[in-house]
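Survey of secondary and tertiary structure
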Amino acid sequence: MAYFAVGGEARFLLANAPSFVVMRVSRTSADNFSIDFISESCEAIWGLTQAEIDGQLDRLWKRIHPDDERQMLATLRRAGREGREWSGTFRIANSRGGHKWVVGRGMPRRDIPSAETWSITITDVTEQIRAFHDLQASEIRYRALAENTPGAIFRYCIRADGTDQIMDMSQGCLDLWEITPEETVIDANTIWRMVFDEDLADMQRSVANSSRSLEPWLHTWRIRTPSGKLKWLEGRGQPRRLANGDTLWHSVIFDVSEQKAKDVEIRRLAEQDDLTGLANRGVLRTRLQAALDIQQNTAGTGALILIDLDHFKDINDTLGHEVGDRVLTTIAERLCGCTTENDVVARLGGDEFALLLDHAPDEAAITTVIERLTHKLCDDVTVDGRQIAIGLSIGAALFPRDGDTPSEVLKHADIALFEAKAAGRQTHVFFSPEHSAVRARNRTLAEALRTAIGCGDPDVAFQPIVETQSASHRGFEALARWTHQGKAIPPSEFIPLAEDTGLASALGGLVFNKALSRVAALREQGTPPGLLSVNVSAQQLRDPDFACTVGDALSRHGLAPQDLEIEVTETVIFGRWADQIARTVQELHALGVRIALDDFGTGYASLIHLRRLQVHRLKIDQSFIRDCTENADDAVIVRSIISLAQSLGLDVVAEGVETQKQRSFLQHHGCDFAQGYLFGRPTTDVAVTEDYLHSAPAD
């Protein structure tokens, strides 16, 4: 039996279990590419570690044998122009002066539209090449090896009259086609008849093109074997025109079904979310670009809807990530169940989903879709017999009205989603230009706040706390204040901003120390301010050293722990940090610092939490005080909180007392302390504070 040898094509003769490296490269300029990813096996192939390569493609190119550079460069340029798969065999130099033979194969990544990107495998075929050269020296050795090589090695001839014949088929055909070499030699159509109907014309065309041009033949196709197995085959051959006009190929065909399955899996991983099986962000961007192109050409309208599960973090924190994952998969199934085949459903990460509608005439039509989604998705999810309530925040952007690029549409839909959350959640918001202005202002304010904290600019205001019955002064609550460019920024704006941007701890620490310093100064002047109440953030309470920090600060300012009250809100005692926060509060309690539960009645605190945190005081949120004399429900809540505090032996403070009528109500029901505009407004002016202390009623 004869065989063929054309450069690196011989790599297929002995491709048993080669080592290989996987990499992905992207174009960074007209002449340059960078390496986005390369597997750890790079050292075995290229002789360089990932760190030594450092994303630099030229460091690999320098290792290609000089005699192979021109051929490889031509191959890559041709593939780049035509946007098609390439393959090539070349040598890589090693540090010992030798070289290894490798086969490179690249596939264009059309699912990554942002830049020209290729997925590349480099396979070490040194041993195969060496074996091939050995075979040239011995027909017997070649025949023995050929018969044990995966795949089929053979000669194929198309005669000048158009008839064809297979010659010298190796035993590998039994594994490929489940027929003997003799059967293939007798009738070549035995093989052709197994080719899928959908693939037959392309395969015949590839052979005809190779015969006409005498270019190497390379083709991949599917067959159905006599036993019913579906296989992917890849064939290669080098044609040669004989003197009589016949065309003869020395060919090899391999079963590449496993590689195809890997390719499918790689594509799935690249395009699908692992947990839910939905499309991922990359696919969404690609489909969004296609939808934009269609709408821009037809003057139509589409929509991108972003869906976020309200308080999903609480599910993970309290019930565990396994339960959270089951909730996400259930929501994904429900989402797919109420969309059409033309819609794109994607998971963008975490608890955020997306729905792309390629046709949505107006906001009214989209609202109808959103209402349908809300109705389907908001049913409780049952996990292991536990009913889990579901709430949704939804943001929507229309295109091309709200953007003519995927990035713009995604950004604006995300802004709308943010506004839906800010509006109290469980609602939907359509993007408007005003939303961008708000986000821009928040970004500007966040940077300004970061700078202001670094410079120590935020100030502290003191608001009196008095006995409800006598109005005798008992202490102050320290409140953060910030003036930016001559304008006072409301605490309701900059404090949430600090929490969202990770500045809460730094801001809280600054206000805390300024408050202690002011108390110490007032004492030195002979005007003791009484008990100081300071709000602290969840971020501060999560710090295991916070109690020590408080103790050190008190000592530094010459104050006793009994002079300080730390206020915590109900919301900080829940979630994944609840145990650490409880430990911090207990350490503060042990230090001698008083603990107050702020905004009581607005959250979910229970008697268990009151006992666990060992609080000294409850503070009734001003939202209940505001209408306690007019609204029967608020009156009941206020009376109940006062009664609860009295039963537990706790102090109770009413916040936001502005009228004498409110004070009288609180006096009648036995509220211990009060604060609000009726007794004094918060002030950063030390002189005003001093004047108040001099004139405040005393026991």
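Refer to the structure above for everything that follows.
Residues numbered from 1 in each chain as written. Predicted model: local features only at pLDDT ≥ 70, side-chain atom pairs only at ≥ 80, totals over all residues. Heavy atoms only, no water.

**Some words on the overall build of the protein chain**
Definition in use: Counting from the N terminus, the helices are DSSP H or I runs at least four residues long and the strands are E runs at least two residues long. Atoms considered for the radius of gyration are the C-alpha atoms alone. The globule rule reads 2.2 Å times the number of residues to the power 0.38. Partly exposed residues are those whose accessible area sits between 20% and 50% of the maximum for their type, while under 20% is buried and over 50% is exposed, using a 1.4 Å probe and protein chains only.
In terms of regular secondary structure, the protein chain is built from 27 helices and 26 strands. Taking 699 residues into account, the globule formula puts the C-alpha radius of gyration at 27 Å, and the protein chain, at 37 Å, lies well above it. Dimensions of the protein chain, computed from C-alpha atoms along their principal axes, come out at roughly 125 × 60 × 50 Å. A burial count over the protein chain gives 47% of its 699 residues as buried.

**Some details on the packing of helix α21 (residues 546-556) against helix α22 (residues 578-591)**
Helix-helix packing is described using two parameters, namely the angle between the two axes and the distance between the axes. What counts is decided by this rule: Comment: axis = line fitted to C-alpha atoms, over the contacting stretch for helices; angle = value between 0 and 180 degrees taken between N-to-C directions. Here roughly perpendicular refers to angles of 65 to 115 degrees, roughly parallel to angles under 35, roughly antiparallel to angles over 145, and oblique to all remaining angles. Handedness of a helix crossing follows the sense of rotation of the near helix relative to the far helix, less than a right angle counterclockwise being left-handed and clockwise being right-handed. Pairs of residues are marked as contacts when any of their non-hydrogen atoms sit within 4.5 Å. Gly is placed with the polar residues, together with every amino acid not listed as nonpolar (Ala, Val, Leu, Ile, Met, Phe, Trp, Tyr, Cys and Pro) or charged (Asp, Glu, Lys and Arg).
The geometry of α21 relative to α22 is characterised by a closest axis approach of 8 Å and an angle of 30° between their N-to-C directions. Relative to α22, α21 is oriented roughly parallel. Handedness of the α21/α22 crossing: right-handed. For the pair formed by α21 and α22, the contact residues are Phe546, Ala547, Val550 and Gly551 on the first element and Thr584, Glu587, Leu588 and Leu591 on the second. Class assignment of the residues belonging to the contact of α21 with α22 gives a composition of five nonpolar, two polar and one charged.

**Brief notes about the side chain of Ser206**
For Ser206, the location among the structural elements is in helix α10 (residues 197-213). Those residues in contact with Ser206 that sit more than four places away from it in its chain are Trp217 and His219.

**A look at the environment of Arg594**
Considering the arrangement of structural elements, one finds Arg594 in strand β23 (residues 594-600). Between the C-alpha atoms of Arg594 and Ser533, which are 61 residues apart in sequence, the distance is 8.8 Å. Excluding residues that lie within four positions of it along the chain, Arg594 makes contacts with Leu531, Leu564, Glu565, Ile566, His616, Arg617 and Asp651.

**Here we look at the state of the cysteines**
Throughout this description, disulfide means a covalent bond between two cysteine sulfur atoms. Short version of the rule: Pairs of cysteine sulfur atoms within 2.5 Å are what we label disulfides.
Tallying each qualifying case throughout the model produces zero disulfides. As a non-bridged cysteine, Cys671 has Cys628 as the owner of its nearest cysteine sulfur, 9.6 Å distant. On the basis of relative accessibility, which here comes to 2%, the residue Cys671 falls in the buried class.

**Section: the side chain of Glu477**
Test applied: Identification of polar contacts relies on pairs of N or O atoms within 3.5 Å, with a donor-acceptor requirement for protein atoms, meaning one able to donate a hydrogen and the other able to accept it, and with residues adjacent in sequence counted only if both atoms are side-chain atoms.
Structurally, the position occupied by Glu477 is in strand β19 (residues 473-484). On the accessibility criterion, Glu477 (4% relative accessible area) is buried. Of note is the side chain of Glu477, whose polar atom sits 2.6 Å from the side chain of Asn535. A polar contact of 2.9 Å, which involves the side chain of Glu477, links it to the side chain of Gln675.

**Remarks on the sheet that holds strand β1 (residues 20-27)**
To keep things clear, this is the line we draw: When DSSP locates at least two bridges between a pair of strands, those strands are taken to pair.
Strand order in the open sheet formed by five strands is β2-β1-β5-β4-β3, and the pairing between neighbours is antiparallel. The open sheet terminates on both sides in strands that have one partner only, identified here as β2 (33-38) and β3 (86-93). Averaged over neighbouring strand pairs, the angle between their axes works out to 30° when direction is ignored. Pairing of β1 with β2 involves five bridges; the strand directions are antiparallel. Looking at β2, one finds that Val25 is bridged to Ile35. In the packing of helix α4 (residues 66-82) onto the sheet, the strands contacted are β3 and β5 (117-124), and the crossing angle to β3 comes to about 155°.

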